[in-house]
Amino acid sequence: MLYEFAPMEGLTTWYFRQLHHTFFGGAARYYTPFLSANQNLSFQSREKAEIAPEHNQGITLVPQIMTKRADEFVWAIRYLEERGYQETDLNLGCPASQVVNRKKGSGFLENPDALDRFFDETFALLQKQNSHVCISVKTRIGYHNPSEAEGLLRIYNRYPLSEVIIHPRTRKEYYKGTPHRDVFQKMLEESVHPVCYNGDLHSAEDCRALMREFPADRYPQMKGIMIGRGLLADPALFRELQGGPALTEAECRSFTDALVQNYRTAISGGDLNVLHKMKEIWTYLGSGFVGKDGSRQTAERALRDILKTNSLTGYRIAVDNFFASCRRITAQPNG
């Protein structure tokens, strides 16, 4: 079973990935937040920094591409191949409106015929250019309705993909409701490619329950699990799944302190931008704590104090108070 760290736009950047790997490890592969292939056939400086070898030492990184044009996708694949990357992932899962309105991400799923033509053209161009890069897809099970999954899988099965990462919700569901495990099971059974599960895994027990539900001896296509939000809430989750210790308060404090320093070095715009990033991290991380009195309300109040700060000095004071009054809980809450 492979453990893969899902990309989260603006959060799982190279300076986060390096620290996570150093502190906790456990991830077989990290995925970049999406890189935009465009008609200019160029990546922005920020995107080039994401894939720079010196920023990804010691980890296996899979660049993820956002596009709806085969020629742009093939340009991005070749650009990455020239820099040593042997696998590229296509984003067919992002539900954000600004992406979907451009018919990219999960917006591409609304037109299966166009998606089929995209893959046909992509692999024809790669064959013509004698490229052997592996291509995976991260997908939802449909745009409007889970019943669309069957047609999408028929498309994926027609092409030589290295992996199909499935988030069993539709675009319309966004992150709401319960993932359709029954649809995932059917896709898993009928996929000719290795399959990875993604969606609503928040604790080690959540992951173990999934693996009991879809054991590899019964479902040979079951390759791994991908987690995003759950790893921001518990960055030691993969380590724990592999028999290592659970996250401690001391580790959590050291990790967040190191993140602040990394962000101050890497992010332009001053301390307010650093503070914004840390508040985003804490909206996930704080969910794994209760007060030392056992009260959820105590932790929620302490977390609100962090989220209300408007300076790094105030942030540090609020974090000191948080760790003085709160403790880690064993299992992450769902949601």
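What counts and what doesn't
Residues numbered from 1 in each chain as written. Predicted model: local features only at pLDDT ≥ 70, side-chain atom pairs only at ≥ 80, totals over all residues. Heavy atoms only, no water. Helix = DSSP H or I, 4+ residues; strand = E, 2+ residues; numbered from the N terminus. Rg over C-alpha atoms; globule rule 2.2 N^0.38 Å. Areas by Shrake-Rupley, 256 points an atom, 1.4 Å probe, with all protein chains shown as cover. Lys, Arg positive; Asp, Glu negative; His and termini not counted. Charge placed at Lys NZ, Arg CZ, Asp CG, Glu CD. Pairing = 2+ DSSP bridges. 1 Å grid on protein atoms, 1.4 Å probe; cavity = no way out; pocket = protein on both sides within 12 Å on 5 of 7 lines; lining within 4 Å. Points joined across faces, edges and corners; volume = space filled by probe spheres on them. Nonpolar A, V, L, I, M, F, W, Y, C, P; charged D, E, K, R; others polar. Disulfide = S-S within 2.5 Å.

**Thoughts on the overall build of the chain**
Helix and strand counts for the chain stand at 14 helices and 12 strands. By the compact-globule yardstick of 20 Å for 335 residues, the chain fits well, its C-alpha radius of gyration being 20 Å. Carbon and sulfur atoms form 48% of the exposed surface of the chain, whose accessible area is close to 14500 Å². When the 41 positive and 39 negative side-chain charges of the chain are each reduced to one mean point, those points stand 4 Å apart.

**A short note on the pairing of strand β1 (residues 2-5)**
Where β1 lies against strand β10 (residues 222-227), 4 bridges are found, and the strand directions are parallel. Each bridged residue has a counterpart across the sheet, and for Glu-4 the counterpart in β10 is Met-226.

**Focus on the layout of surface pockets**
By volume, the largest pocket is sized at about 760 Å³. For the largest pocket, the lining is made up of 33 residues, of which Pro-7, Met-8, Glu-9, Pro-95 and Tyr-175 are closest to its centre. Among the secondary structure elements, those contributing two or more residues to the lining of the largest pocket are α4 (97-100), β7 (134-140), β10, α9 (229-233) and α12 (271-285). In terms of residue class, the lining of the largest pocket is made up of 16 nonpolar, 10 polar and 7 charged.

**Here's the deal with the state of the cysteines**
Scanning the model with the defined rule gives 0 disulfides in all. Cysteine Cys-94 is unpaired, with the sulfur of Cys-196 as its nearest cysteine sulfur at 18 Å. Summary of cysteine pairing: Cys-252 is not part of a disulfide, and the nearest cysteine sulfur, belonging to Cys-326, is at 11 Å.

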